[in-house]
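Residue strings, one per chain:
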Number of protein chains: 4
Amino acid sequence: MDYVYGPGRNHLFVPGPVNIPEPVLRAMNRNNEDYRSPAVPVLTKILLEDVKKIFKTTSGTPFLIPTTGTGAWESALTNTLSPGDRIVSFLIGQFSLLWIDQQQRLKFDVDVIESEWGQGANLDVLASKLASDIGHTIKAICIVHNETATGVTNNLATVRKLLDKLSHPALLLVDGVSSICALDFRMDEWGVDVALTGSQKALSLPTGMGIICASPKALEASKTAKSVRVFFDWNDYLKFYKLGTYWPYTPSIQLLYGLRAALDLIFEEGLDNVIARHGRLGKATRLAVEAWGLTNCTQKEEWYSDTVTAVVVPPSIDSAEIVRRAWKRYNLSLGLGLNKVAGKVFRIGHLGNLNELQLLGCLSGVEMILKDVGYPVKLGSGVAAAAAYLQNTIPLIPSRI
Amino acid sequence: MDYVYGPGRNHLFVPGPVNIPEPVLRAMNRNNEDYRSPAVPVLTKILLEDVKKIFKTTSGTPFLIPTTGTGAWESALTNTLSPGDRIVSFLIGQFSLLWIDQQQRLKFDVDVIESEWGQGANLDVLASKLASDIGHTIKAICIVHNETATGVTNNLATVRKLLDKLSHPALLLVDGVSSICALDFRMDEWGVDVALTGSQKALSLPTGMGIICASPKALEASKTAKSVRVFFDWNDYLKFYKLGTYWPYTPSIQLLYGLRAALDLIFEEGLDNVIARHGRLGKATRLAVEAWGLTNCTQKEEWYSDTVTAVVVPPSIDSAEIVRRAWKRYNLSLGLGLNKVAGKVFRIGHLGNLNELQLLGCLSGVEMILKDVGYPVKLGSGVAAAAAYLQNTIPLIPSRI
Amino acid sequence: MDYVYGPGRNHLFVPGPVNIPEPVLRAMNRNNEDYRSPAVPVLTKILLEDVKKIFKTTSGTPFLIPTTGTGAWESALTNTLSPGDRIVSFLIGQFSLLWIDQQQRLKFDVDVIESEWGQGANLDVLASKLASDIGHTIKAICIVHNETATGVTNNLATVRKLLDKLSHPALLLVDGVSSICALDFRMDEWGVDVALTGSQKALSLPTGMGIICASPKALEASKTAKSVRVFFDWNDYLKFYKLGTYWPYTPSIQLLYGLRAALDLIFEEGLDNVIARHGRLGKATRLAVEAWGLTNCTQKEEWYSDTVTAVVVPPSIDSAEIVRRAWKRYNLSLGLGLNKVAGKVFRIGHLGNLNELQLLGCLSGVEMILKDVGYPVKLGSGVAAAAAYLQNTIPLIPSRI
Amino acid sequence: MDYVYGPGRNHLFVPGPVNIPEPVLRAMNRNNEDYRSPAVPVLTKILLEDVKKIFKTTSGTPFLIPTTGTGAWESALTNTLSPGDRIVSFLIGQFSLLWIDQQQRLKFDVDVIESEWGQGANLDVLASKLASDIGHTIKAICIVHNETATGVTNNLATVRKLLDKLSHPALLLVDGVSSICALDFRMDEWGVDVALTGSQKALSLPTGMGIICASPKALEASKTAKSVRVFFDWNDYLKFYKLGTYWPYTPSIQLLYGLRAALDLIFEEGLDNVIARHGRLGKATRLAVEAWGLTNCTQKEEWYSDTVTAVVVPPSIDSAEIVRRAWKRYNLSLGLGLNKVAGKVFRIGHLGNLNELQLLGCLSGVEMILKDVGYPVKLGSGVAAAAAYLQNTIPLIPSRI
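Computed from a predicted model, the values in this text were never measured in an experiment.

The rules we used
- Residues numbered from 1 in each chain as written.
- Chains lettered and ligands numbered in written order.
- Predicted model: local features only at pLDDT ≥ 70, side-chain atom pairs only at ≥ 80, totals over all residues.
- Heavy atoms only, no water.
- Helix = DSSP H or I, 4+ residues; strand = E, 2+ residues; numbered from the N terminus.
- Rg over C-alpha atoms; globule rule 2.2 N^0.38 Å.
- Buried < 20%, exposed > 50% of the residue type's maximum accessible area, 1.4 Å probe, protein only.
- Least-squares fit on C-alpha atoms with pLDDT ≥ 70 in both.
- Contact = heavy atoms within 4.5 Å.
- Buried area = accessible area lost by both parts, 1.4 Å probe.
- Salt bridge = Lys/Arg side-chain N within 4 Å of Asp/Glu carboxyl O.
- Polar contact = N/O pair within 3.5 Å; in protein donor to acceptor, adjacent residues only side chain to side chain.
- Nonpolar A, V, L, I, M, F, W, Y, C, P; charged D, E, K, R; others polar.
- Axes fitted to C-alpha atoms, helices over the stretch in contact; angles between N-to-C directions.
- Parallel < 35°, antiparallel > 145°, perpendicular 65-115°, else oblique.
- Left-handed = near helix turned anticlockwise from the far one by under 90°.
- Domains from an automatic or database assignment.
- Phe/Tyr/Trp six-rings, centres within 6.5 Å; stacked < 30°, edge-to-face > 60°.
- Lys NZ or Arg CZ within 6 Å of the ring centre and 35° of its normal.
- Expected span 1.5 Å × (residues − 1).
- Pairing = 2+ DSSP bridges.
- UniProt positions renumbered as here; feature names shortened; annotations may be inferred.

Turning to the overall build of chain A, a few remarks are in order. A tally of regular secondary structure across chain A gives 13 helices and 14 strands. Relative to the 2.2 N^0.38 estimate, which gives 21 Å for 401 residues, the radius of gyration of chain A is 21 Å and therefore close to what a compact globule would have. When the backbone C-alpha atoms are referred to their principal axes, chain A occupies close to 60 × 55 × 40 Å. The 401 residues of chain A split such that 71% are buried.

Least-squares fitting of chain B to chain A yields an RMSD of 0.0 Å, with the superposition described by an axial translation of 0.0 Å and a rotation of 180°. Both copies of the chain, as the preceding transformation shows, are related through a two-fold rotation axis. Among all C-alpha atoms of chain B, that of G361 of chain B lies closest to the rotation axis, at 1.9 Å. Of the interface residues in chain B, 100% have counterparts in chain A that sit at the interface too, so the contact is made through matching surfaces.

Looking now at the relation of the copies chain D and chain C. Each of the two copies of the chain can be brought onto the other by a rotation about an axis and a shift along it. Once turned by 180° and shifted 0.0 Å along the axis, chain D lies on chain C with an RMSD of 0.0 Å. Both copies share a contact surface, since 100% of the interface residues of chain D are interface residues in chain C too.

Attention shifts here to the interface of chain B and chain A. Facing 54 residues of chain B, the contacting portion of chain A comprises 54 residues. Taken together, the two surfaces of chain B and chain A that pack against each other cover about 5100 Å², and 57% of this comes from carbon and sulfur. Between R329 of chain A and E356 of chain B there is a salt bridge, with the nearest N and O atoms lying 3.0 Å from each other. Our enumeration of links across chain B and chain A arrives at 21 residue pairs in polar contact (both at pLDDT 80 or more). Only α1 (22-28), α9 (253-269), α11 (319-330), α12 (356-372) and α13 (381-391) of chain B provide two or more residues apiece to the side of chain B that touches chain A. If one sorts the elements of the side of chain B that touches chain A by residue count, α12 of chain B sits on top with ten residues.

On the chain C side, the residues contacting the 54 residues of chain D number 54 residues. Buried surface at the junction of chain D and chain C, summed over both partners, amounts to about 5100 Å²; 57% is from carbon and sulfur atoms. For the pair chain D and chain C, the number of links is 21 residue pairs in polar contact (both at pLDDT 80 or more). Those elements giving two or more residues to the side of chain D that touches chain C turn out to be α1 (22-28), α9 (253-269), α11 (319-330), α12 (356-372) and α13 (381-391) of chain D. Per-element tally for the side of chain D that touches chain C: the top contributor is α12 of chain D, with ten residues. The class makeup of the residues in the side of chain D that touches chain C is 25 nonpolar, 15 polar and 14 charged.

All names here are of chain A. Summarising the element assignment, A195 is placed in strand β9 (residues 194-198). Taking the C-alpha atoms as reference points, A195 and V144, 51 residues apart in sequence, are found 9.8 Å from one another. Once residues within four sequence positions are removed from consideration, A195 is found in contact with F55, V174, I180, F185, M187, I211, I212 and C213.

In this section: the packing of helix α12 (residues 356-372) of chain A against helix α13 (residues 381-391) of chain A. All names here are of chain A. Contact geometry of α12 with α13 gives a least axis separation of 8 Å together with a crossing angle of 160°. Taken together, the axis directions place α12 and α13 in an arrangement best described as roughly antiparallel. Between α12 and α13 lies a crossing whose hand is right-handed. Contacts between α12 and α13 involve E356, L360, L363, S364 and E367 from the first element and S381, G382, V383, A386, A387 and L390 from the second.

Time to look at the domain arrangement of chain A. All names here are of chain A. Domain annotation for chain A reports domain 1 (11-18 + 270-400) and domain 2 (22-267). The interface of domain 1 with domain 2 comprises 29 residues on the first partner and 32 residues on the second. Looking only at domain 1, the three residues that lose the most surface to domain 2 are L271, Q299 and W303, adding up to 23% of its buried area. For the pair domain 1 and domain 2, the interface holds two salt bridges. The closest approach of N and O atoms between K56 and D272, which form a salt bridge, is 2.9 Å. Between domain 1 and domain 2 we count 18 residue pairs in polar contact (both at pLDDT 80 or more) in total. It is helix α10 (residues 271-291) that contributes the most residues to the side of domain 1 that touches domain 2, five residues altogether. Taken together, the residues of the side of domain 1 that touches domain 2 break down into 14 nonpolar, ten polar and five charged.

Below, the discussion takes up the packing of aromatic side chains. All names here are of chain A. Throughout the structure, instances matching the rule amount to 50 aromatic pairs over all chains. With centroids separated by 5.7 Å and ring planes inclined at 15°, the aromatic side chains of W73 and W99 adopt a geometry described as stacked. Of this pair, W73 sits in helix α3 (residues 69-80) while W99 sits in helix α4 (residues 94-105), placing them 26 residues apart in sequence. Assigned by exposure class, W73 and W99 land together as buried. Ring plane angle 80° and centroid distance 6.4 Å describe the contact between Y237 and Y241, whose orientation is recorded as edge-to-face. Here the residue Y237 and the residue Y241 both occupy positions in helix α8 (residues 234-243), the gap between them amounting to four residues, near one helical turn. For Y237, a relative accessible area of 1% gives the class buried. Above the plane of the ring of F267 lies K53, whose end atom (NZ or CZ) is 5.1 Å from the centre.

For an α-helix, 3.6 residues make a turn, and residues three or four places apart therefore share a direction. All names here are of chain B. With twelve residues, α11 extends 16 Å between its outermost C-alpha atoms, agreeing within 8% with the 16 Å of an ideal straight helix rising 1.5 Å per residue. Listed in full, the buried residues belonging to α11 are S319, A320, I322, V323, A326, W327, R329 and Y330. Of the residues that open α11, the one with a side-chain oxygen 3.0 Å from the backbone nitrogen of A320 is D318. Of the residues flanking the end of α11, it is N331, one or two places downstream, whose phi is positive at about 55°.

The next subject is the sheet that holds strand β2 (residues 61-65) of chain A. Residue and element names in this part refer to chain A. Spatially, the seven strands line up as an open sheet ordered β2-β10-β9-β8-β5-β3-β4, and their pairing is mixed. Each having just a single partner strand, β2 and β4 (109-114) make up the two edges of the open sheet. Between one strand axis and the next, the sheet turns through 20° on average, direction left out of account. With five bridges connecting them, strand β5 (residues 138-144) and strand β8 (residues 171-175) associate as parallel partners. From the neighbouring strand, I143 faces β8, where its bridge partner is V174. Each of β2, β9 and β10 (210-214) is contacted by helix α2 (residues 39-55), which is oriented at about 105° to β2, the strand it contacts most.

Right, let's talk about the pairing of strand β12 (residues 308-312) of chain A for a bit. Residue and element names in this part refer to chain A. Along β12, four of the five residues are buried, which leaves the element largely enclosed by surrounding structure. Relative to strand β14 (residues 345-349), β12 runs antiparallel, the two sharing five bridges. Residue pairing in the sheet places T309 in a bridge with I348 of β14.

This part covers α13 of chain D. Across the eleven residues of α13 of chain D, eight count as buried, placing the element largely inside the fold. All of the buried residues along α13 of chain D are S381, G382, V383, A384, A386, A387, L390 and Q391 of chain D. Looking at the packing, one finds that the buried side of α13 of chain D touches α11 (319-330), α12 (356-372) and α13 (381-391) of chain C together with α10 (271-291) and α12 of chain D.

Mapped onto this numbering, the UniProt entry annotates "domain: Aminotransferase class V" (unreviewed entry) at residues 72-312 of chain A. Note that residues 72-312 of chain A is 40% helix and 19% strand, and that its end C-alpha atoms are spaced 30 Å apart.

Residue and element names in this part refer to chain A. The UniProt entry lists R347 under the feature "binding site: substrate" (unreviewed entry), expressed in the numbering used here. Looking at where R347 falls in the secondary structure, it is placed in strand β14. Owing to a relative accessible area of 6%, R347 belongs among the buried residues under this scheme. Setting aside chain neighbours within four positions, we find R347 in contact with F13, P15, F95, T148, A149, V308, T309, A310, L334, G335, L336 and L338.

This next bit is on unusual backbone geometry. Of the consecutive residues G16 of chain A and P17 of chain A, the connecting peptide bond is found in the cis state with omega at 0°. Mapped onto the elements, P17 of chain A comes out in the loop between β1 (11-12) and α1 (22-28). One non-glycine residue, K56 of chain B, adopts positive backbone phi at about 50°. With respect to the helices and strands, K56 of chain B occurs in the loop between α2 (39-55) and β2 (61-65).

Here the focus is the side chain of S364 of chain B. Note on placement: S364 of chain B falls in helix α12. Looking at S364 of chain B, the relative accessible area reads 0%, which means it is buried. Within the structure, the side chain of S364 of chain B is placed 2.7 Å from the backbone oxygen of G361 of chain B, a separation counted as a polar contact. S364 of chain B has contacts with L357, L360 and V383 of chain A together with V383 of chain B, leaving out every residue within four places of it along the chain.

Shown next, in the form of structure tokens:
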């Protein structure tokens, strides 16, 4: 029996894992198959071609690894770098912190540029570090495109410009876990060398597939990278790509068919429409927060995230209590504040396969909870602000008009 | 491919078919089975016992017929009555009208008591008809417990009192399609002779099972009822009940397991809690309608329905346009106004497996649509009114507290 | 929890309900929808066009009624005939018997032509009855295309010839429950006026949809047929067909999408390939029976059924014990002998979505059971006979070659 | 649309991924959930307790890592060993070869004991290596319990005895990928330090979960092991175990519920019954091979595997052609011969949720294919030999008797 199943649906507004669309659930409702049969390579080949589209790359090489975002990180690092390599990494929230922790434990020499949580990556410091790096000791820039803990989106185009201006050869490794397929992301245009995401984020699949894309330069780097790796080694994949059998070890048949269905939905809606939809839902959420008189953890508009909003609560309120009550009382799943912002923020994830009324239902729940915990919110105020905006945006279902 | 699949979920607020809970979908995700194997009778036996609980009967005999509500009506009538029998029937909306049409086509002598749409059954007229029926020519009273077209709930206890006061032997046949498992319904206490519902209503299953319960008096009547019937004949069922194989013809294996899961959920929540939940969601909906400055099609509070609310729109607005836009623009499914109230009302179904935030999402959608079509609603007003009430009700998920 | 779930799959070889293909299960794994939304009529319209193909008709009008085969029978009869009408009906097994019972209870004047069970319809008697029916008192011929209880397929082309030779206007009503989509069936060519099947048979869906197709002549008859009917009344359907909303009452959304998937699979394989496949599996089964030294209940080759084989056991053996052991010991579901042949035959259903190795697994199970109950079968003999034949037939999966 | 979907089921007889039982498919048919909600830790806690039972350990600590068997290997090695550590490893087939390749690439000093493919681990050589290792330079013995490529089961009890006799402190690391939950495996009794399997093997789940169990001694070793690791680091898991939130990164919700259902099925059948069932199906397969006049790749009975049988074909036949035809012609998935035995053997996997008639269907398919490719097999001979044995074994479904 399911644990404490309440009436009605769970309202899933954590910034991942996110809601799985029904067509994807259907596609994954299947028995195992022999992945060495002729059918699976045919499926895989097309998937690998199609998955490049969500990275906006034509020159990249994708890998669909049975792992999570944490494993995808490790794959990006160990295939392109050698122990002791100097890398620049930005610490702006919990997930960039965890990635840095991984970088350090993998024995890289991490040059950390820290910002206050709620701020974006400090690109001025990067600029000066690059400028002074005449000897090109910096082998890679590691940056989280969208910091899920604080709802901060970094400006990758600017990072690329800084590198280009100096003709700096450092690799650009990007965590796109809570951005790819939801935010504007352009692998080729921005010269990203490794980009990665996880299946349970904007692709709206179950957890279990790390999706990584490597530029030709990153592939070249993998030939000499000395980091010890086997499970995550791209070269094993590339060997099987050449054989046309694709898999060095067993993939999840269900996730492959699920990915097929997820991509079909995204392409049917149009990737740019998907991104625009995230833009509208993000803006609507921020308007609600403003209407409630609360502040966004993200300190400047240029960093506002369209996939997650971290809401700062007044000091008198414990944000963890808001998250607890949301789940217990209204079957609403919100994101906790993590680490430095624990107790101070709660997070509304608005990524993945989602529409206006789902979001407004969530916002109405947040209003009730805020009042429950003693914050003097005017019920309906956030919903009204969000609805007023959403009503005047273009429809989400063009095919029905 | 699914037809015009939009991003996010469909918001299903027609008064049936309603949302199917995930555990029920899971239970039905199965291959066919031999219904003559030992497993199916064991399952059926327990289902027949358990299904009596949702009728609040211990003396009734249930039938699970592979049909819809229309078929369940036909089963109730043809098993208990003979052509030419006089029956009293109340015309108060589209579904009572359709049942009367069926009664007439099945060759009964239907004595129709009509009310204005939006009013309940006129029990005063019934009282006088019964009083003057010294010869007991009235063989049955047919009444819709909850008229789904107008959102009117009739008072069955009073009907029983009128019959008892006169010791009138007429059978009491009740359409509980949009009431049973959602509204207070007491088969034994109210002396209901045949009660019926459909799987796709408050039980929150797919369409395809007519669920009928017959009192001992109804069963007795079935022995002499001369209406021609085979598919709907209870006697065929009773014959197989005695044999212990239960099914005169093939049942849907999937719906049997689905019913098992649906009943498990209802019993886990508690049937009275389920009914109370419908009470709260119904009240919240009416408070929103009031806040919008619109009127309930139901003219008096005593008839307010906790499973569906028919909302009257101003004459300048076509309610069908509201329903059309809801689906096209917001992926929200509302109920049309039917027949006499076509264009004049739209309906919000709030029955089945549903919770607060789902309803508030729907209400926020209605607000946007009202504004879209030119009605000067204050966005957030209905949501706020509903939320203020819901916030102060007891939690829907006691197991989590 | 599932009742006595054993390891591995259930081997479902009753002649319905049959195995549901995975793509169909997937298609049905979905929430309810508003059947009054624009999406459902679009789906229905195409389904109605496509379903005509499995009847091989262009002039027929199909009805997808939420009922079973028993209801489909009732629909065929009550829409085309009036009480007291004389009909000729063939009694050749349990299902024709049940249909005749229904015909009699629906107050038709049934002229029964009986054959020994195991023989086909006696068309000589029909010929003489028709010849002597100068006044055309016979309003309809009712015939089961494939008698599921004995595995007998009747010759419909001959029935048509007999009618045509005499220009007899009687309607030809055909139960195609265990034939349509599996055996050669030609509605237009054979001048069938009403043909019907159930979703759980060769279409390989769950139970719950009666699929009926009416010729223009049958539709014409429905205008004057005086049988009382409402739920099964085609005219209600036709009214909604004209409106373009299609449904007089609620359909099962899941079965509609399931039917779509089932038809897609059938058209992808090719209807004639599907029929040829049933031919091969039927023949293989009969070869196994012969190898076991057992006899086919069907007495002549011209009546052999390619969807079900009834196997006669020696008098010393109770065939019901074979069926019981099959389920208990090997998780194999076989069909019981019914009524006159109870205890004397057991049935192997080989219809629906099935392939060679599934059948051979079944046959190997039957061999073990035969030995278990004391019949001196040579293990492997039936499997070998079937395999020797199957090996030399054309492949079932042309797309893979 | 599914790629080349043939009629009927796929017969999945590769030694993994294996058939998923319907109750497990049902359990996994669900939306994502917040893994930080209170529900998921409750579920996880019980899973971790229950999963120990399939290892037959009470003192072990399990880890459920979102990875495959290859990742589970890496987890076992990197958490217990340091680069340069001497380990003894047995090369007896393709999967032990791949593990050794991993061990070498992870920079361990691998002392390989090679056997002819088709033979088990040479424990005499191990004995002498251990005896001469006075200084305890051997840090670990790595052994594949069941070599999936050749169908060889190694004797772990003897390995333990050799270590104990010499009081040698080497860790015992066991790949139980195609053994645990199917073959007799006793972690505590045999003093196994790390045991591992993958979800898609005998547990009959989709691919995606590496299931690892570490002894207290292995956990102790993990504190000082210097291999670089982050994603696979047990210490991150242990940290979250202590917190009671269990997951250092996102698990697959679907696999957790699937594992729950899989364990429920195993415990309901009884783990020892599951193992006995594999014993019977394995023996039946070998009897069939013998009846066909073919030889088992496994050279001695003591090594016979009850989860996979590698069948040697005559030199004139290409075993890959057998596998190709099986899939194309009969929708039967068999295992290829790998590496040294490519073209020489094909493999029948008989592990996971499987019963007699499924296996006999497979064997009848193999017979037809053997004949197709020119091998003079007597059709039915293998099926008969297997059936004769199976018929006299105890039933697989005790609950039905």
